[in-house]
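Listed below are the residues making up each chain.
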Amino acid sequence: MSLVPHFVIEGPSDAPPLLLAPSLGTSLAVWDGHVKALARDHRVIRWDLPGHGGSAATLVGERATVAELADLVLALADHLGLERFAYAGISIGGAVGAHLAVRHPDRITSLALVCSSAHFGEPQAWLERAARVRREGTEFLAASAPARWFTSDFPGGEALEKLISDQRAADPVAYAACCEALADCDLRGELDRITAPTLVIAGREDTATPPPHSRELADGIAGAGLLEIPGAGHLAPVERPRPVLDALRAHFGAAPSDDAERHAAGTAMRRAVLGDAHVDRALAAATPLTAGFQDFITRYAWGEIWTRPGLDRRTRSCVTLTALVAGGHHEELALHVRAAVRNGLTPEEIGEVLLQTAVYCGVPAANAAFAIARRVLDEATSDETTADETTDHKDDH
Ligand SMILES: O=C(O)CC1=CCC(=O)O1
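Residues numbered from 1 in each chain as written. Predicted model: local features only at pLDDT ≥ 70, side-chain atom pairs only at ≥ 80, totals over all residues. Heavy atoms only, no water.

The protein appears in an unreviewed UniProt entry as 3-oxoadipate enol-lactonase from Catenulispora acidiphila.

The structure is reproduced here in C-alpha cells:
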C-alpha cells in the first residue's frame, strides 16, 4: 500500500519545486486553473488529502491531525527527493504548510497560505460535521457547498459541479478525520517561528475562514504579505483565479514574458519586499525626470531579477545587504534592512550577514552598516509602522 499521497507533477524537471495543497472536500483539481501558468517556472507537484481525489483513505487513521498530514507531505517530498520546496495550500492545505514552516523550516523555501487559518474556529462545529459525515456520508454537504465556498455572485456551472462531485467522492472516514484535524488545529502561538517568506491571501467574502483569520496569520508571521481579494469567497483561487495567480507568481518567482507582465510582477514583488507605504511614496514622488527610472527599476530590478525562482527572497536579501555595504550605499542599506526583515531574516541573521561583510568589505564599512542596522531595527521594534512612514527615503528601490 502506498504511504504517500496521490500526486501529479507538471513543469520542467529541473525547475524549483512547488507543492500545491487542496482544501477539505476538494481534490488537486482545485488548482486546475493555475497549474499551467505556475508550471512555466516551477516543477509543480499537486497532492490529494487522504481519502480525497486519488489518495488512499488509509493514509490516516480514524482521527487525523495537521501534524500527520504534514508528515504525509514530507513523505511525498522525500519520495521525490526534494530537500526543500515552495508550498501553497488552500484552507486546511494552508494550515499543513504553516505547520511545516513552523516545525521543518529547513524544508520550506517560500509559503503561500490561501484562505487559511491558524485556528479554524470553535472545534464543536468541526466535530459535529465529522460525526454527521461518519453517519451519513458526504452527500448532505452538496447543498451547503456553494455558500461555504463562493460568494452569491459565483455563476456555478461546470466548475462547481466538478468540485461538488469531488466532495461527494471523498471517503467519509477520511473526510471526518480531516474535520477533526481542523478541530484540533491551533498554530496561533507558533506563527512567529515561521521564517519562510510568506504570502497570505484572503477572500474578502470568505465565510469559512473570514479575513480576520488571514490578518491573524499575516500579523503573526514576520514579514508576511497580505492580499485581500474582493469578490472572492473561500475558494478564492477558483472564484478569482487571475489575482490569485498573479500574486502567487510574484511571490514564488516567475519569469514574465513581456514588459507589461514584468511591470506587474515587479510592482507586486516590490510591494511585498519594500512594503506598500514605501512603494506608494516612491510612485507619488515620481516626476517627469524620475518616472522613467521608476519604471526601469520596477521592470528590471523587481520584475526580472527579484522574481527569479533560482534564489529565495531571504538569500536575495543577504546578497543585497552585502552589496550595499560594499558600495557604501547607506540610504539603500537602511531600506534593505527593513526589506530583509520583511523577507524573514531575523535581527540575529542580519547581524551575521554584516559580520561577514566585515571580512570581505572591511571593518569600517561593516561598522557603519551595523550602526544603520541597529537604528533601523530599533525603530522597527519601537513602532514598525511609524518607522516605515517617517524614515527619509530618496527615489530608492
Ligand atoms: O468545507 C468547508 O467548510 C470549507 C473548509 C474549511 C476548511 C477547509 O479546508 O475547507
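Following the structure, the description resumes.
Moving on: the overall build of the protein. A count of helical and extended segments in the protein gives 17 helices and 7 strands. The C-alpha radius of gyration of the protein comes to 22 Å, within 12% of the 21 Å expected for a compact globule of 397 residues. Overall size of the protein, expressed as C-alpha extent along the three principal axes, is 70 × 40 × 40 Å. Taken across its 397 residues, the protein has 53% of its residues classed as buried. Sequence separation of at least 24 residues holds for 76% of the intrachain contacts in the protein that already meet a minimum separation of 6. A total accessible area of about 16600 Å² is found for the protein, and carbon and sulfur atoms account for 55% of it. Looking at charge distribution, the protein has the averaged site of its 36 positive side-chain charges lying 2 Å from that of its 54 negative ones. (Helix = DSSP H or I, 4+ residues; strand = E, 2+ residues; numbered from the N terminus. Rg over C-alpha atoms; globule rule 2.2 N^0.38 Å. Buried < 20%, exposed > 50% of the residue type's maximum accessible area, 1.4 Å probe, protein only. Contact = heavy atoms within 4.5 Å. Areas by Shrake-Rupley, 256 points an atom, 1.4 Å probe, with all protein chains shown as cover. Lys, Arg positive; Asp, Glu negative; His and termini not counted. Charge placed at Lys NZ, Arg CZ, Asp CG, Glu CD.)

Pairing is possible between side chains of opposite charge, provided their charged atoms come close. Taken as a whole and assessed by the stated rule, the structure comprises 26 salt bridges. Asp 186 serves as the salt-bridge partner of Arg 188, at 2.9 Å between the closest nitrogen and oxygen. The exposure class of Asp 186 is partly exposed, given its relative accessible area of 39%. Linking Arg 299 and Asp 259 is a salt bridge whose minimum nitrogen-to-oxygen distance equals 3.9 Å. With Arg 299 in helix α13 (residues 291-306) and Asp 259 in helix α11 (residues 259-274), this pair connects stretches of sequence that are 40 residues apart. Given the relative accessible area of 41%, Asp 259 is considered partly exposed. Counted as one network, the salt bridges with shared partners bring together Asp 259, Arg 262, Asp 295, Arg 299 and Glu 304. (Salt bridge = Lys/Arg side-chain N within 4 Å of Asp/Glu carboxyl O.)

Bringing the site of the ligand into the picture now. In the vicinity of the ligand, the residues found are Ser 23, Leu 24, Ser 91, Ile 92, Trp 126, Arg 129, Arg 148, Leu 182, Ala 208 and His 234. Within the backbone of Leu 24, one N or O atom sits 2.8 Å away from an oxygen atom of the ligand. Arg 148 is positioned with one of its side-chain polar atoms (N or O) 2.7 Å from an oxygen atom of the ligand. Relative to its free-state accessible area of 280 Å², the ligand is covered by the protein chains to the extent of 98%. Residue composition of the shell around the ligand, by class: 5 nonpolar, 3 polar and 2 charged. (Near = heavy atom within 4 Å. Polar contact = N/O pair within 3.5 Å; in protein donor to acceptor, adjacent residues only side chain to side chain. Nonpolar A, V, L, I, M, F, W, Y, C, P; charged D, E, K, R; others polar.)

With that settled, the discussion passes to the UniProt feature "domain: AB hydrolase-1" (unreviewed entry) in the protein. Using the residue numbers shown here, the UniProt feature "domain: AB hydrolase-1" (unreviewed entry) corresponds to residues 16-145. Annotated as 40% helix and 18% strand, the span residues 16-145 places its first and last C-alpha atoms 34 Å apart. (UniProt positions renumbered as here; feature names shortened; annotations may be inferred.)

Here we come to the sheet that holds strand β6 (residues 198-203). Pairing is mixed across the open sheet formed by 7 strands, whose spatial order is β1-β3-β2-β4-β5-β6-β7. Two strands lie at the open edges of the sheet, namely β1 (7-10) and β7 (225-229), each paired on one side alone. Recorded for the sheet is a direction-independent mean angle of 15° between the axes of neighbouring strands. Relative to strand β3 (residues 43-47), strand β2 (residues 17-21) runs parallel, the two being bridged by 4 bridges. (Pairing = 2+ DSSP bridges. Axes fitted to C-alpha atoms, helices over the stretch in contact; angles between N-to-C directions.)

Further remarks concern the pairing of strand β5 (residues 108-114). Burial analysis of β5 places 7 of its 7 residues in the buried class, which makes it a mostly covered element. Between strand β4 (residues 85-90) and its parallel partner β5, the chain crosses via helix α3 (residues 92-103), and the hand of that crossover is right-handed. Of the strand pairs in this sheet, β5 and β6 are connected by 4 bridges, and their pairing is parallel. The partner of Val 114 across the bridge, within β6, is Ile 201. (Right-handed = clockwise from strand over helix to strand, strands pointing away.)

This part covers the environment of Ile 372. Mapped onto the secondary structure, Ile 372 falls in helix α17 (residues 363-390). Note on Ile 372: relative accessible area 11%, which makes it buried. When the C-alpha atoms of Ile 372 and Ala 334 are compared, they prove to be 6.1 Å apart, with 38 residues separating the residues in sequence. In contact with Ile 372, not counting residues within four places along its chain, are His 330, Leu 333 and Ala 334.

Cross-referencing UniProt, the feature "domain: Carboxymuconolactone decarboxylase-like" (unreviewed entry) maps to residues 293-374 in the present numbering. Within the segment residues 293-374, helix and strand shares are 83% and 0% respectively, and the terminal C-alpha atoms sit 30 Å apart.

Further remarks concern unusual backbone geometry. One non-glycine residue, Ser 91, adopts positive backbone phi at about 55°. In this model, Cys 115 sits at a positive phi of 45°, which is unusual for a non-glycine residue. Within the element layout of this structure, Cys 115 appears in the loop between β5 and α4 (123-136).

By size, the foremost hydrophobic cluster in this structure holds 56 residues, and its most contacted members are Phe 85, Tyr 87 and Val 96. Each residue touching Val 96, except ones within four places of it in the same chain, is listed here: Trp 47, Val 66, Leu 69, Ala 70, Val 73 and Tyr 87. Within the second largest apolar cluster, 35 residues are counted, among which are Val 30, Ile 164, Ile 229 and Ala 236. (Core = buried A, V, L, I, M, F, W, Y, C linked by side-chain atoms within 4.5 Å.)

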